[in-house]
Amino acid sequence: MLQILAPATGAVIAELPQDTHESVLARYLAARAAQPPWAAATLAHRLECLRRFRTSLVRDIDKLAAILTSEVGKPIKQARNEINGLLGRIDFFLAATQPTLEPRQVFDQDGMRERIEHEPLGVIANISAWNYPYFVGSNVFVPALLAGNSVLYKPSEYATLTGIEIGNLLHAAGVPQDVFTVLVGGGRVGIELLKHAVDGVFFTGSYNTGAKIAQAVGARLGRLQLELGGKDPTYVCEDVDVAVAAASLADGAMYNTGQSCCSVERIYVQEQIYDAFVDAFVAEVASLKVGDPCSDDSYIGPLTRAAQVKVLEMQVADALAKGARVLIGGHRIERPGNWFEPTVLVNVDHAMDVMREESFGPIIGIQKVADDDAAVKLMNDTQYGLTAGVYTRDEARAKRILAQVRAGSVYWNCCDRVSPRLPWSGVGHSGVGLTLSTYGIEAFTRPKAWHLRAP
């Protein structure tokens, strides 16, 4: 049985039977059989099913948010924000899928026509994440379903109840059960899923797990997308409004208790404003309420995974041993569940794990830099490359800096932001492939080239 634990208390809130070798095989074969009829249905029908799914999210938002909060510890207001934010992503896919996948004639001369059409990949393995299960999952299953694929959806074992609710709503909206199938279990179930000849593997999680998945499925030469970790930097220039920048970046570092792939994890501040920025940043962090995730006024909740508390303790201890100072926080909170204080470290450098290894929690290091060149060098001193940002009044300066930074997404005077209209991708250990944007619709199709000569 799979035990679902409440991160806020450690209590068992559900026990569920897990999928087995036999059940995963049966679900794969059923998804394979169900995919051609789903692809043969009209796009209009598939769009209508997803519209009904959207309507059900609006109708049931309070129930769905409460379930999400109970199993991952996300503060309830942020849980509702995630579901509300999903509506805009669905709207994008509903509007963009047909024009993106419309057959295109690209040549017509002397009786020869050339045409491009898009066919679905087939069966998609969607191995999703717990930190934003609605966002991360929908980046895959919404365009995959609209393009005519069937989806084997394995939610994280830490967000299983939410995954089951997603499946129930899709089925009620008209998506056949064998076209969207929820698999229940941990890593062992994911391994079983990858034994089968799925046509695409879309995974969100850690670099170490992603590398193993790439090795496991690489020889099959199927479509592979890996959204992995980040150690996302931001550089604060001397011309900013310090209070505004500090407030924005405190939110970017601490929102969702710091458990976002694109959370701000490293901050570099121009030396002229360093002291003022640090003071303003610490004041912002001190104002964030840590408390019961079911309360609307709580901003920081528990960590979803108990093991991550130890990771944060080790990063703080390593930094202190190498000369860093803690200005606020730095300790686990002694109460039932997985709690850690919002933490700000200064006197940090790249000899410390907190500036090199993904933290995935409410902890941030702030480092002083002399100039733009020094900032760029430090921002690029990482194996990751998901997002990076610059705060400055000068757009040209920001573009010049960000053009030199290796990252899939870059931000000017903003952070921790994802748009359905822009591709979501990473560099280096942050992953391969992409989701979102029109490219993220085409990712679930195989283009077919037609050469047509009239007799």
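Scroll up to find the structure this text is about.
A few points on the structure. (Residues numbered from 1 in each chain as written. Predicted model: local features only at pLDDT ≥ 70, side-chain atom pairs only at ≥ 80, totals over all residues. Heavy atoms only, no water.)

What about the side chain of Ser138?
No. 1: Here Ser138 shows up in helix 5 (residues 133-146).
No. 2: Since its relative accessible area comes to 1%, Ser138 is described here as buried.
No. 3: A distance of 2.8 Å separates the side chain of Ser138 from the backbone oxygen of Tyr134, its partner in a polar contact.
No. 4: Residues in contact with Ser138, not counting those within four places in the same chain, are Leu86, Phe93, Pro133 and Pro143. (Helix = DSSP H or I, 4+ residues; strand = E, 2+ residues; numbered from the N terminus. Buried < 20%, exposed > 50% of the residue type's maximum accessible area, 1.4 Å probe, protein only. Polar contact = N/O pair within 3.5 Å; in protein donor to acceptor, adjacent residues only side chain to side chain. Contact = heavy atoms within 4.5 Å.)

As for the sheet that holds strand 6 (residues 150-154)
No. 1: With mixed pairing, six strands are arranged side by side in an open sheet as 7-6-5-8-9-18. With partners counted over all chains shown, the strands left at the sheet margins are strand 7 (180-182) and strand 18 (431-432), one partner each.
No. 2: Direction of pairing for strand 5 (residues 123-127) relative to strand 8 (residues 200-204): parallel, over a ladder of four bridges. Among the inter-strand pairings, Ala125 is bridged to a residue of strand 8, identified as Val201.
No. 3: Each of strand 5, strand 6, strand 7 and strand 8 is contacted by helix 5, which is oriented at about 165° to strand 6, the strand it contacts most. (Pairing = 2+ DSSP bridges. Axes fitted to C-alpha atoms, helices over the stretch in contact; angles between N-to-C directions.)

Re the packing of aromatic side chains
No. 1: Evaluation of the coordinates by the stated rule reveals ten aromatic pairs.
No. 2: Ring centres of Phe92 and Phe93 lie 5.4 Å apart, and the angle between their planes is 65°; on these two criteria the pair is classed as edge-to-face.
No. 3: According to the relative accessible area criterion, Phe92 is buried, its value standing at 15%.
No. 4: For Phe93, a relative accessible area of 1% puts it in the buried group.
No. 5: Between Phe202 and Phe444, the ring centres sit 4.4 Å apart and the planes meet at 25°, which makes this aromatic pair stacked. (Phe/Tyr/Trp six-rings, centres within 6.5 Å; stacked < 30°, edge-to-face > 60°.)

What to know about the pairing of strand 14 (residues 363-369)
No. 1: Taken across its seven residues, strand 14 has six buried, putting it largely inside the fold.
No. 2: Direction of pairing for strand 11 (residues 264-270) relative to strand 14: parallel, over a ladder of five bridges. Of the residues in strand 14, the one forming a bridge with Gln270 is Val369.
No. 3: Of the strand pairs in this sheet, strand 13 (residues 343-346) and strand 14 are connected by three bridges, and their pairing is parallel. Within the sheet, the bridge partner assigned to Val344 lies in strand 14 and is Ile364.

With respect to the packing of helix 2 (residues 43-59) against helix 4 (residues 76-101)
No. 1: Interaxial distance between helix 2 and helix 4 falls to 10 Å at its minimum, and their mutual angle equals 170°. Classed by the angle they form, the pair helix 2 and helix 4 counts as roughly antiparallel. Where helix 2 crosses over helix 4, the two elements pack in a sense that is left-handed. Contacts between helix 2 and helix 4 pair Leu43, Leu47, Leu50, Arg51, Phe53, Arg54, Leu57 and Val58 from the former with Ile83, Leu86, Leu87, Ile90, Asp91, Leu94, Thr97 and Gln98 from the latter.
No. 2: For the contact of helix 2 with helix 4, the residue count by class is eleven nonpolar, two polar and three charged. (Parallel < 35°, antiparallel > 145°, perpendicular 65-115°, else oblique. Left-handed = near helix turned anticlockwise from the far one by under 90°. Nonpolar A, V, L, I, M, F, W, Y, C, P; charged D, E, K, R; others polar.)

Shape is all these values report; function is a separate question.
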